[in-house]
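Structural overview for review
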Amino acid sequence: MNNVVPSGIASKDFSIPVIQERGQREVFCGLTGIIWLHRKIHDAFFLIVGSRTCAHLMQSAAGVMIFAEPRFATAIIDERDLAGLADVNDELDRIVERLLQRRSDIRLLFLVGSCPSEVIKLDLSRAAARLSRKFLPSVRVLNYSGSGIETTFTQGEDACLASMAPLLAGAPANEAPSLLIVGTLADVVEDQFQRLFAELGIDKVRFFPPRTSTDLASIGPNTRYLLAQPFLADAARALEERGAVRIAAPFPLGAEGTSLWFKAACDAFGIDSEHVQKVLAAKIARVQLSLAPHRERLAGKTVFFFPDSQLEIPLARFLSRELGMRPVEIGIPFLHRKHLAEELEMLAPDIRIVEGQHVDNQLDRCRVAKPDLVVCGLGLANPLEALGMTTKWSIELVFTPIQGFEQAGDLAGLFSRPLQRRLKLAA
Ligand code: SF4
């Protein structure tokens, strides 16, 4: 791992061949994003327009995390023919009305589409526009799709943020440059980042999504945005359509990714590089201490990624470069080559990257590879554990604060703990 602040990426034309695979997929749908989004936007409510299956998914995925009155629910739309659609719209209006009467804290309501055919027939964008007209100015209603036909689980956040982008006010062309951090971060991480940006010399920093739906940044040609998550293709496009310009950077995982992420922002804002180097070097030194025990356990171990969260490339980069692990295969649902360019340049050129999924073929390759650790979705973890493999649920990496310097040790622990547990069980 690097002992100094990395000075940038050496080659911009580096490319790793990517294997494309199509077949049965084993991933959660985009509804899952509601679990972390409803905790982030404190005055939003997510009304899933779906089936009992959707309600069960949300209950089982989020059940243990509900510690207050939940800010999501499912409006169950039963089977009916096209002639019954007018009734569905009336029913939806009644449900929304009842909900808003009961919950005066809601300022932003998302109608979240799902995959049952009855829901696909519904025009949720018209329903959202109709309900917005009725309930504005106190409540705005937006819609996006979390359908499993269209999305993997982190794409739910992408679709949600893309639906919010039109709400950002336009900033005049002569406004001072500002920085927008895009992607859900735990509040504690957001606060750390805000403080560090100030220490580095960037004061005008806003976050998207915001903690309250009315606290929205304005956006224009002087907005530079930095992605905090690698799965935000549609949201990024929507922001660029409003004039914002992306700062290319790796993602803020581990000491190296985090320092390059901050450094990219500082370069874009013309901050003195010696000052940046000095501030970041102290942080990196502390992270190295926190990573050392995990490196001892993980160095030389092999890791196999099944495609799930779209965090796979930055995680593989962190595990290989900072903890000495050897990625055998990195599966990823979609590879956004532009957003991940800086990450891909840091991976070993002989690494196997597989975009898409044919789960049977991938399971065969995993059995042959016999990796020390498998990062996969919940559905695959138990069968793989039964085969004697050690697994890590990829969904945990989205629920847990893992970005930034202070969290790097915890992130390493998420990978070293399952191996420790396996060792103890075998002892
Ligand atoms: S949106 Fe589709 S995939 Fe997701 S829970 Fe509902 S029915 Fe299942």
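Residues numbered from 1 in each chain as written. Predicted model: local features only at pLDDT ≥ 70, side-chain atom pairs only at ≥ 80, totals over all residues.

1. Concerning the sheet that holds strand β8 (residues 205-208)
Taken in spatial order, the 4 strands make up an open sheet running β8-β7-β10-β11, and their pairing is parallel. The sheet is open, and its two edges are formed by β8 and β11 (245-246), each paired on a single side. Taken together, the 5 bridges between strand β7 (residues 178-182) and strand β10 (residues 223-227) define a ladder with parallel strand orientation. By the bridge assignment, Leu-180 is partnered in β10 with Tyr-225. (Pairing = 2+ DSSP bridges. Helix = DSSP H or I, 4+ residues; strand = E, 2+ residues; numbered from the N terminus.)

2. Digging into the packing of helix α9 (residues 254-268) against helix α11 (residues 312-323)
Their axes nearest at 8 Å, the elements α9 and α11 cross at an angle of 120 degrees. Relative to α11, the element α9 lies oblique. Contact with α9, carried on its side by Gly-254, Ala-255, Glu-256 and Gly-257, involves Pro-314, Arg-317, Phe-318, Arg-321 and Glu-322 of α11 and no other residues of that element. Residue composition of the contact of α9 with α11, by class: 3 nonpolar, 2 polar and 4 charged. (Axes fitted to C-alpha atoms, helices over the stretch in contact; angles between N-to-C directions. Parallel < 35°, antiparallel > 145°, perpendicular 65-115°, else oblique. Contact = placed C-beta atoms within 7 Å. Nonpolar A, V, L, I, M, F, W, Y, C, P; charged D, E, K, R; others polar.)

3. Considering the site of the ligand
Around the ligand lies a shell of 13 residues, among which Cys-29, Cys-54, Ser-114, Cys-115 and Gly-148 are the nearest. In terms of residue count, the dominant contributor to the shell around the ligand is helix α2 (residues 52-62) (3 residues). By residue class, the composition of the shell around the ligand is 6 nonpolar, 7 polar and no charged. (Near = placed C-beta within 6 Å.)

4. Brief notes about the sheet that holds strand β13 (residues 326-332)
Here we have 6 strands laid out as an open sheet, ordered β1-β14-β13-β12-β15-β16, and parallel in their pairing. Two strands close off the open sheet at either side, each with one partner strand: β1 (18-22) and β16 (391-393). For this sheet, the mean inter-axis angle between neighbouring strands, taken without regard to orientation, is 20 degrees. As defined by bridge partners, strand β15 (residues 373-376) adjoins β16 across 3 bridges and the pair is classed as parallel.

5. Re unusual backbone geometry
Working note: non-glycine residues mostly have negative phi, and peptide bonds are mostly trans. With an omega of 10 degrees, the peptide bond between Leu-136 and Pro-137 qualifies as cis. Here the residue pair Phe-208 and Pro-209 is connected by a cis peptide bond, since its omega of 15 degrees sits within 30 degrees of zero. Positionally, Pro-209 belongs in the loop between β8 and β9 (218-219). We note that Gln-310 has phi near 70 degrees; this positive angle belongs to a residue other than glycine. Looking at where Gln-310 falls in the secondary structure, it is placed in the loop between β12 (302-305) and α11. Here Lys-370, not a glycine, exhibits a phi torsion of approximately 45 degrees, which is positive. For Lys-370, the position within the fold is in the loop between α13 (359-369) and β15.

6. Notes on the environment of Trp-36
Secondary-structure assignment places Trp-36 in helix α1 (residues 34-40). Judged by the 20 C-beta atoms lying within 10 Å of it, Trp-36 falls in the buried class. Sequence spacing of Trp-36 and Leu-185 is 149 residues, and the spatial spacing of their C-alpha atoms is 9.2 Å. (Buried ≥ 20, exposed ≤ 12 C-beta atoms within 10 Å, placed from the backbone.)

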